[in-house]
Amino acid sequence: NITSVFGYYNTNNNNSTYKELTPFDVKLLMMNIMNKITLYKNQKTNFIKEKLQIVINNLKQNNVNIASVNMSTVLSQEDLIEVYKLLIVSSSLLIEKHEVFAKNKECPKELEKHLKRLIYASQHLLIEEGKNFRELMKYKYGSSFVENALENKNYCIDHQIVNAFQLKPKNDLIIISRLK
């Protein structure tokens, strides 16, 4: 019989209730997060395929400026796909190790990077499970743990993830090289 090691307050519908979570609940939440991220990745992949076809058509019609704008969008979306892949790896690892982090009061060092990745990404991904995950981590490891991840204190988040979510314009040389 698995005993609960932590829980969270559910404040939906103006009713504040405490919900105990079992390691299975944590695993289920992580699986839902991974499935949503996988769905996002697949949607971005399809979007990129469509955009690349538009770029090809723009180039055939000598609309280089429009092709450049579309290629810039493609490059940004490719960056997000790479981030989604990292998040899927982190989610998968946390699913595999869900009992380890569910049972420990302190954050296991080998899982900290993965937990913080998902916390940071949760503010950029519009999924309810991400918010639930943040609240869960806040309850389990404290507000400062979550705030440090959200604010990328001590550069705890991979620069690739931070840069992809900032959506900065792409360098013209990169765009031109991809257009060729």
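Look up: the structure comes first, before these words.
Fair warning: this is a prediction, and the values are worked out from it, not measured in the lab. Throughout, a residue's number is its position along its own chain's written sequence, starting from 1. pLDDT decides what is reported in this predicted model: residues at 70 or higher carry local features, side-chain atom pairs at 80 or more are listed and counted, and totals for whole chains, interfaces and linings draw on all residues regardless. Derived side-chain values reflect all non-hydrogen atoms in the structure, with water molecules and hydrogen atoms excluded from consideration.

Asks: I tried to follow the side chain of Ser-76 on my own but got confused; where do I start?
Replies: Here Ser-76 is to be found in helix H2 (residues 64–96). Contact criterion: two residues are considered in contact whenever any of their non-hydrogen atoms come within 4.5 Å of each other. Those residues in contact with Ser-76 that lie beyond four places of it in its chain are Leu-167, Lys-168 and Lys-170. Strands are runs of DSSP state E lasting at least 2 residues, helices are runs of H or I lasting at least 4, and numbering of each runs from the N terminus.

Asks: Is there a simple way to think about the pattern of salt bridges in this case?
Replies: Pairing between side chains of opposite charge can happen when the charged atoms of each approach one another. Throughout this description, the term salt bridge denotes a Lys or Arg side-chain nitrogen within 4 Å of a carboxyl oxygen of Asp or Glu. One pass over the structure, following the stated rule, counts seven salt bridges. A salt bridge links Glu-112 to Lys-109; the shortest N-O distance between them is 3.1 Å. One end of the pair, Glu-112, and the other, Lys-109, are both in helix H4 (residues 109–122), three residues apart, so they sit about a helical turn from each other. Accessibility expressed as a relative area gives 67% for Lys-109, which makes it exposed. Here Glu-112 and Lys-116 are joined by a salt bridge, their closest N and O atoms 2.9 Å apart. Highlighted residues: Glu-112 and Lys-116, both in helix H4, separated by four residues, approximately one helical turn. Assessed through its relative accessible area of 9%, Lys-116 is described here as buried. Each of Lys-109, Glu-112 and Lys-116 takes part in one network of salt bridges that share partners. Burial status follows relative accessibility: with a 1.4 Å probe on protein chains alone, a residue under 20% of its type maximum counts as buried, one over 50% as exposed, and anything between as partly exposed.

Asks: It is not clear to me how the side chain of Arg-117 should be interpreted in this structure. Could you clarify?
Replies: For Arg-117, the location among the structural elements is in helix H4. Judged by its relative accessible area of 5%, Arg-117 is buried. Whenever a nitrogen or oxygen atom comes within 3.5 Å of another N or O atom, the pair is scored as a polar contact, on the condition that within protein one atom can donate a hydrogen and the other can accept it, and that pairs from neighbouring residues in sequence are kept only if both atoms are in side chains. Engagement of the side chain of Arg-117 in a polar contact is seen with the backbone oxygen of Leu-86, the distance being 3.5 Å. When near neighbours in sequence (up to four residues on either side) are disregarded, Arg-117 contacts Leu-86, Leu-87, Ser-90, Ile-157, Asp-158 and Ile-161.

Asks: I'm lost on the packing of H2 against H4 in this one. Help?
Replies: Think of two packed helices as two axes; the pair is described by the angle between the axes and how far apart they sit. As a rule, the C-alpha atoms of each element are fitted with a line to give its axis, helices using only the stretch in contact, and angles between N-to-C directions run from 0 to 180 degrees. Interaxial distance between H2 and H4 falls to 9 Å at its minimum, and their mutual angle equals 125°. Looking at the two axes, H2 sits oblique to H4. In the crossing of H2 with H4, the sense of the turn from one axis to the other is left-handed. Within the contact between the two elements, H2 uses Leu-86, Leu-87, Ser-90, Ser-91, Leu-93 and Leu-94 and H4 uses Leu-111, His-114, Leu-115, Arg-117, Leu-118 and Ala-121. Amino acids outside the nonpolar list (Ala, Val, Leu, Ile, Met, Phe, Trp, Tyr, Cys, Pro) and the charged list (Asp, Glu, Lys, Arg) are all regarded as polar, and Gly is one of them. Among the residues forming the contact of H2 with H4, the class breakdown is eight nonpolar, three polar and one charged. Just so you know how the angles are binned, under 35 degrees is roughly parallel, over 145 roughly antiparallel, 65 to 115 roughly perpendicular, and the rest oblique. In this scheme the crossing of two helices becomes right-handed for a clockwise turn of the near helix relative to the far one and left-handed for an anticlockwise turn of less than a right angle.

Asks: I tried to follow unusual backbone geometry on my own but got confused; where do I start?
Replies: Most peptide bonds adopt trans geometry, and most residues besides glycine take a negative phi value. Even without glycine at this site, Asn-152 takes up a positive phi of about 55°. With respect to the helices and strands, the residue Asn-152 is situated in the loop between helix H6 (143–150) and helix H7 (159–166). At Asn-154, a residue that is not glycine, the phi angle is positive and equals roughly 55°.

Asks: Would you take a moment to explain H6 for this structure?
Replies: Because an α-helix completes one turn every 3.6 residues, residues spaced three or four positions apart along the sequence face the same direction. Residues of H6 that are buried include every one of Phe-145, Val-146 and Ala-149, and no others. The buried residues of H6 occupy an angular sector of 90° when projected down its axis, which confines them to one face. Where H6 is buried, its residues touch H4 and helix H5 (128–141). Of the residues one or two after H6, Asn-152 is the one with positive phi, at around 55°. By definition, the arc is the one covered by directions from the helix axis to the C-beta atoms.

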